[in-house]
Amino acid sequence: MTPDPTASSPTSDVGLLDHGGLDVADGGFGAIVLVHGLMGRGRTWRRQVPWLRRYGRVFTFDAANHQGADAVDPSDVSTERFVADLAETITWIDRGPAVLIGHSMGGLHSWCTAAAYPELVSALVVEDMAPDFRGRTTGAWTPWFSTWPDQFPDESAAVEMFGEIAGRYFYEAFDDGRLHGSIPVWADIAEEWGGRHFWDEWDAVEVPALLLEAGFSVTPPGQMAEMARRRPGSVHLRVDGAGHLLHDDAPGVFRGAVEAFLSEYV
């Protein structure tokens, strides 16, 4: 019986969902863990889950401070906290080293996990994220954040505000139109990136990596290409015309690149 990609597993109380897929005994990977970006959520990967199940056992989860408005914890928003959480998640899954597919913030946390816990990660897909945002802050976004309503009545309202791709993405992450976290806490998470770099963590990665850069990227120019140059076994692909939510904005290109990578490099 094919698992229902929307069904909850016994671990859903901590945001971890097991979507099933091709197990190791059948030639698949032990685990493919999809790691969402800032202000995202595990369920925003729902369009990628079905085809990824052909390659391995697929898992999604909600990162800390992305699990609902009543589950906000501003006490520690460091990258190290998220890395420790991701490492614990992979250990809990207990299926051997995992393939990590991370969007934006999730990409950063994925490669930092591969650097800190090399025994837990077998390969990486990093989508539109770079190691060095120093000097950039979230201050310019604050006035825009203040215009968000307390609740979006439906998906069309979110689409009207954010555009078709981002509006659908955010509404899927929201809880019946309400924010699933705290904007100030999310801003604090991003603010850390403006004061430190993660090149050392990237240079410590030893597993194959696919680096997908959006044509309309949020990353500083040239950094993702430099990541590939510095890390043997990395493949860099820039997708012209695609926005930051590359996996939804150019789903065919994203799927083709990931499938080729999983088939050839892992």
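All residue numbers refer to position in the chain's written sequence, counted from 1. Selection of residues for local features in this predicted model requires a pLDDT of at least 70, selection of side-chain atom pairs for listing and counting requires 80 or more, and totals for whole chains, interfaces and linings are taken over all residues. Here the side-chain values reflect all heavy atoms present in the structure, with hydrogen atoms and water set aside.

Overview of the nonpolar core
Here, nonpolar core means buried Ala, Val, Leu, Ile, Met, Phe, Trp, Tyr and Cys residues that are tied together by side-chain atoms lying within 4.5 Å of each other. Only protein chains enter the area calculation, which uses a 1.4 Å probe; residues under 20% of their type maximum are buried, those over 50% are exposed, and those in between are partly exposed. Counting 59 residues, the largest nonpolar core has Val-33, Trp-111, Leu-124, Trp-148, Ile-189, Trp-193 and Trp-202 as the members making the most contacts within it. By definition, residues are in contact when any of their heavy atoms lie within 4.5 Å. For Val-33, the residues in contact, after removing those within four places along its chain, are Phe-59, Phe-61, Leu-86, Ile-93, Ala-98, Val-99, Leu-100 and Ile-101. Among the nonpolar cores identified, the runner-up in size contains 25 residues, and Tyr-55, Val-99, Ala-250 and Val-258 belong to it.

Some details on the packing of helix α2 (residues 79-93) against helix α3 (residues 105-116)
As a rule, the C-alpha atoms of each element are fitted with a line to give its axis, helices using only the stretch in contact, and angles between N-to-C directions run from 0 to 180 degrees. To qualify as a helix, a DSSP run of H or I must reach at least 4 residues; to qualify as a strand, a run of E must reach at least 2; elements of each kind are numbered from the N terminus. Running from amino to carboxyl end, α2 crosses α3 at an angle of 70°, the nearest separation of the two axes being 9 Å. The orientation of α2 relative to α3 falls into the category roughly perpendicular. Facing Thr-79, Phe-82, Val-83, Leu-86, Ala-87 and Ile-90 of α2, the residues of α3 in contact are Leu-108, His-109, Ser-110, Cys-112, Thr-113 and Ala-116. Note that Gly is not counted as nonpolar here; it falls among the polar residues with everything else outside the nonpolar set of Ala, Val, Leu, Ile, Met, Phe, Trp, Tyr, Cys and Pro and the charged set of Asp, Glu, Lys and Arg. Taken together, the residues that form the contact of α2 with α3 break down as eight nonpolar, four polar and no charged. In what follows, roughly perpendicular refers to angles from 65 to 115 degrees, roughly parallel to angles under 35, roughly antiparallel to angles over 145, and oblique to any angle outside these ranges.

Some remarks on the side chain of Arg-41
Turning to its location among the elements, Arg-41 is positioned in the loop between β2 (29-35) and α1 (49-52). A relative accessible area of 4% means that Arg-41 is categorised as buried. Discounting chain neighbours no more than four positions away, the residues touching Arg-41 are His-36, Asp-62, His-66, Gln-67, Gly-68, Ala-173, Phe-174, Asp-175 and His-180.

Here we look at helix α9 (residues 223-230)
Among the residues of α9, Gln-223, Met-224, Ala-225, Met-227 and Ala-228 are the ones counted as buried. Residues of α9 that are buried make contact with α3, β5 (121-127), α8 (199-203), β6 (209-214) and β7 (234-239).

In short, geometric facts, not functional conclusions.
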